[in-house]
Every structure is written in C-alpha cells, then in structure tokens.
Amino acid sequence: MNRSEGASWMWSMSNGEKTSGMQGVLKRTLESELQCSCWSPGWWAECQYTCQKPIWSLFWRAPVLPTNQKASISILNMGSLSLFITEESVREHLDNAFAQATSTNSWADYFDDCYFYLIKAKNEKAKLSFQGALSVVQFYYKQISSSDDDVVVMKGVHVMEQILSFCHDRHTTECPEWYQLKVSSPLMQCCCAALNTKTEQLLHFGISQILACIKSSACDLVVLQEDVVCSLIRSLGEGVNSVTSLAKTALVTLCENDQGLSALFLDSTSLDALNSVIALSDSAKFNVYEVVQRVCMLGADQLSVVSNSGLLDQLVAEVSSDDTLARLAALQLVSDLVEEEKALDHLNSAGVLHQMQSALQTAHSTPDALDALTIPGLLKVFGVIGRARPELLCSEHAAVVSLMLRLSSGSSNDPCLTLIALETLTQLAASHAAKRLLHFNFRAEMQACLTYVGQQLQSAPVDQRGRFLTAFVHLLSVPQMPQSDRVEGDDLQELLQSWYNTVIPSGKLDVVDKFMRLPFPEVHLEAYRLLLALIALPWGVRMVASDARILKYLVNRSTESSKEGKELKHEVVSALVQHSAVLSEEAGKSAYDALKAYAKQGPFFVQPYVEMGIDQIGR
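Figured I'd write up the structure that's included with this text. The shown structure was predicted, so the numbers you read here are calculated from the model rather than taken from an experiment.

## Examining the overall build of the protein chain
Here's step 1: Per the secondary structure count, the protein chain includes 37 helices and two strands.
Here's step 2: Considering the protein chain as a whole, with its 619 residues, one finds that 51% of them fall into the buried category.
Here's step 3: For the protein chain, the share of sequence-separated contacts (at least 6 apart) that also reach a separation of at least 24 residues comes to 68%.
Here's step 4: Accessible area of the protein chain: about 28,700 Å², with a carbon and sulfur share of 51%.

As structure tokens, this is what we get:
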C-alpha cells in the first residue's frame, strides 16, 4: 500500500457507512499528516508489519486485509509508542494502548501507559528508533496543544520530555547525527509553535528543547531555522519566571556561537524583536537587559557586538533613570558587569563611572528618601571596581572613597547604610596596594573610620557588633605577605599594627578574649577568625602566643559545643603550632606541647574513660 492508496483508504474509512469513535480521529489525523513534509514511505519504513486479522478487527473495526498481505499501516499507527520502542515483545501492548486512547479519547491514561513503558525500556536498554521518536513526539505535540485538559497537557509534555531525554542519553553511540535530525525535522517547528502558546508546560518544553539543540553540535542549524531566535526573544516578555529564565539562558548560550551572536545582535529583525519586548513592560525590559549583561560577560567579542547594537548603552542609561526601581535594577546588572575587565574598561571609557559618581553624590546630598535607596547599589558597584582596580578608584574617583569612609565612620543616621559602606570598604581594602592607598592617601578619614569601628565593637547591638568584627577581620587580612621586598613587607606590617591599635587602643587581646567567651555565634565565631588573621602576621602571632588566657581557652575542649566552633578553634590551634619557635619562646615548651597535641587529636577528640561496676553480692 503506497502513500496515496493509504490516504484514500483512510479517507474512505473516515467517511464510510460504518461509524465508530475512530472515524473523526482518522479524518483529522489524515488532514494533519498529509501536510507533514516528513511523511514518506522511507520515513515510516520500520513501522511496516504484517496485519493479523483478529488484531486489525479489534483495533480499528476496519475491513479485514488478507492475513499474508504486507501493508504499511503507519498512517493509522502514527502515534503509537511502538514507532519509538521497536521491541516486538511490547509492540502489541503499545498499539493496543494507542488504539484505546484514540477510540475513547482517554489520553491521560494513555500517557501514563507510555511513561510506564518508557521507564521499562530505559531500564532494559530496549531497541529504539530515533526517527520514530521525532514522529511520535510531533504527533503527541499536536494532540496536546489542541487539548483543554491540563492533566493531558502535563502528562503529555512529561512523556515527550522522557522520549527526547532517552534519545539524548543514547545518541552518542547509536545516532551521532541525532541533533541534526532533530533541528531539521518538523519537530523544531513544533517547538517554535510551543513558544507562541500561553501554556506554561508547552512554553517550557519548547524552550528546553531548543536550548538542548543550541548546546549541541547543531547550534549553527538552529540559527538557520526560521523564527527560532525571534520566538525565544518573544518569550522574554512572558510573565512566568521559569519560562523567562530558561529563555534567557537559551539566548545567552546561543551567543557563545559566532553565528548565534550575529543572529541576535546584528540581525535587524532580532533587534526589532528585542526593542518590542523592551516596550512591553519594565519586567520584560530588564529581562532583555539581563541577557545583554550576561552576553557582555562572555568575552571581548561579545561585548563589542552588543555595544555596537546600542543595547548596552540603553542598559547603562537606566542608571540615571527617573524611576528609582529601574535605577536599582540597572545598578544590580552593572555591578555584576564591572567584574569583567573588558566591560569595566568599556564603561570607564564611555564615562559611565563618572556618571555613577555624580549619581552617588547627588543621592547622598539630597533628602529624597527614594534617591537614598540607590546609595547601597552604587556603593556595591564601586566596591567591585575597587576590588579589581583599587588604583583607578582611589585616583580617578577619590570623592567616592572619601564618601565611603565618611559613611563608614557613622556620618549617616542609618546604621544599615553605615555597615554597607564599611563592608564595601573592606572589598576595596582587599589587596596590599589598596591598604597602602587608603592609609597614605586618606589617612585622616581612615583613622576616623577605624576609631568608629572600635567604638561600635564595644557598644553596638550584638548583631551589628558581629558585622563590625567581620569587617575588622577583613581589614587585617592579607592574601599573602610580600616576600620579594622586605621593606615593603615591613611597611605593611607596621600599617596593619597601627590599624589594630586604633581599633583596640590597648594593643592587646582583651576584646578578642571577651568575644570568644560570649554565647552569641555572630561574635563568638568571628573572634576565632580574628585570631586566624592575627596569627598570619608576625607581630600578631607573638601577641597571641604571649597571652596565657587565650592559650588556656584554646586547649580547653569543654568551651565549644557546636561543630563550626570546634572546627574553627582547631584551625586556630593548627595555625598557631606552625610557628613553633615563636610559640616555644613566648609561651614555653609545655604550652607548645599541649597545643601540638590538641592539633594532632583533631577538632572532635573526646577523652576516653572507663566505667567499672561491681556485681551485687549474693546474686
């Protein structure tokens, strides 16, 4: 039976005198499938088999073909899972289930059966047809997309995902050209059509399948498919977070490929689609801007292309927007963007950093409460810049550093803003060079800041005291002491010791000892981290080794009950015993031996003991 004969016979069945529940399905299926360019005798070759009289009569109630006649019944059977799972042992079960679903319209139950057989086939490593997978999924998509039953949609999408996941897992060895077949088949058109629906499950299915193709070796073919890129762009305007998140990932991944990058940011149709989404709403606009930001962070080539499109300038312009919420969202994106060296260079050369400096100064000087909301975001941006380029920030944006130091010194009546400014300052002070710049170029402001930190360690509420202590630890911490230049190392030692003495005027460990004994984790644990920072410094390790109270507390295992506390205390002791000469000189050999034994025993050592009893007399 050739294609035209099969079509004629199927049409006669759907209009014949004998009516059944299958007739409407057959007619609709024929009308749909005759328009499918993928249907050909070769495409369905593996689905031909000998039709047996009882089965044919039971399934379709159609005129019985001769028992020994070889016929292609792919048109009637085009939705059976047997096209995908080609094991003879389950063919009859799968065809029966499909016949039942088409005759009774019980697709939810049918998809349950499909899921069962898919799991069984996966566990048993059953034979499968990759071309059959494309055909079956395409058929199921048409059935699901026309259904109003949410359960059918949910179960159907799950089955389609399982089929395609099955193919993905086995394509490397069984069908290396799987993704090329998938992209070139009408299934890709179904995925694009899914992106134009309002059903969340179908939207998610369509985008996830396109994303899988983008990640494969068939990415170049995806770009060539009509309307794929624009469909993904339009998905950014959807209000469903899971959908827009997946669409953003798909577009960013697409831009890892040169053709994908050009298709998104150099093609006029795509740019028009992006601007159309931007015009929809604020949320849609920032979905586009997030794609812009993430693509810029991929590399210099992507940054150049995106910059030439004008969309990066649109994002940066939002930092100066009259809409406070828009400014906050833009600052979040820009703060991540400046972490990339090339992006930072671009923004600096475009004058964006000076614009943000002006915005920060304006927000700080005006009493507008809404403007004040942007200060933390602006400080965060400059904190990231300071960590990457301390020289740039301290020289070209000294006004920002001065403001940061004033806010850290309590000039604001808002304690939260003070802490944000101080924590931003610790980002700037992460390197040796930055510490020197702060100490010598901003000496008075830095002294005022450290004095204020010392005061707050004594008087602030416990939760705030913990954050001040954390900031102090970061200010004293150095990645690695300079080894090449001894003078430079000595200068840094002297600088850090002067900072410590400014915060704790006694120059001793009384404050640290006090914090270690407090029951509040936010200060108790941070005191151990401060000891670790001090032990890394030559003058600091001598101070710790010479304090008998601290050493006695450290070797007393009963003072810690939490896992984190035990681990931190053991880390402090282990770091201390690395300085055996200093420890023996300052604390004596017995103290050194006790600490060494503690470090060797580990953080969770428990002293063993033996309990003895005497049996009762006369028992």
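## Some remarks on unusual backbone geometry
Here's step 1: Even without glycine at this site, Asn105 takes up a positive phi of about 60 degrees.
Here's step 2: Note that Asn105 resides in the loop between α4 (88–104) and α5 (107–124).
Here's step 3: When its relative accessible area of 57% is taken as the criterion, Asn105 is described as exposed.
Here's step 4: Phi at Lys125 takes a positive value of approximately 55 degrees, unusual for a residue other than glycine.
Here's step 5: The residue Lys125 is located in the loop between α5 and α6 (130–145) in this model.

## A look at the packing of helix α28 (residues 443–459) against helix α29 (residues 462–476)
Here's step 1: Direction vectors running N to C along α28 and α29 enclose 140 degrees, while the axes themselves pass 9 Å from each other. Relative to α29, α28 is oriented oblique. α29 is crossed by α28, and the crossing has left-handed handedness. Contact residues: Met446, Leu450, Tyr452, Val453, Gln456, Leu457 and Gln458 in α28; Arg465, Phe468, Leu469, Phe472 and Leu475 in α29.
Here's step 2: By residue class, the composition of the contact of α28 with α29 is nine nonpolar, two polar and one charged.

## Observations regarding the pattern of salt bridges
Here's step 1: Within this structure, the stated rule accounts for 23 salt bridges.
Here's step 2: Asp345 is the partner of Arg389 in a salt bridge, and the nearest nitrogen-oxygen pair spans 2.7 Å. Of this pair, Arg389 sits in the loop between α23 (375–388) and α24 (390–396) while Asp345 sits in helix α20 (residues 341–349), placing them 44 residues apart in sequence.
Here's step 3: Take Arg389: its relative accessible area is 23%, and that puts it in the partly exposed class.
Here's step 4: In this structure, a network of salt bridges that share partners links the residues Asp513, Arg517, Asp547 and Arg549.

Parameters and conventions
Residues numbered from 1 in each chain as written. Predicted model: local features only at pLDDT ≥ 70, side-chain atom pairs only at ≥ 80, totals over all residues. Heavy atoms only, no water. Helix = DSSP H or I, 4+ residues; strand = E, 2+ residues; numbered from the N terminus. Buried < 20%, exposed > 50% of the residue type's maximum accessible area, 1.4 Å probe, protein only. Contact = heavy atoms within 4.5 Å. Areas by Shrake-Rupley, 256 points an atom, 1.4 Å probe, with all protein chains shown as cover. Axes fitted to C-alpha atoms, helices over the stretch in contact; angles between N-to-C directions. Parallel < 35°, antiparallel > 145°, perpendicular 65-115°, else oblique. Left-handed = near helix turned anticlockwise from the far one by under 90°. Nonpolar A, V, L, I, M, F, W, Y, C, P; charged D, E, K, R; others polar. Salt bridge = Lys/Arg side-chain N within 4 Å of Asp/Glu carboxyl O.

So yeah, pure geometry; function would need other evidence.
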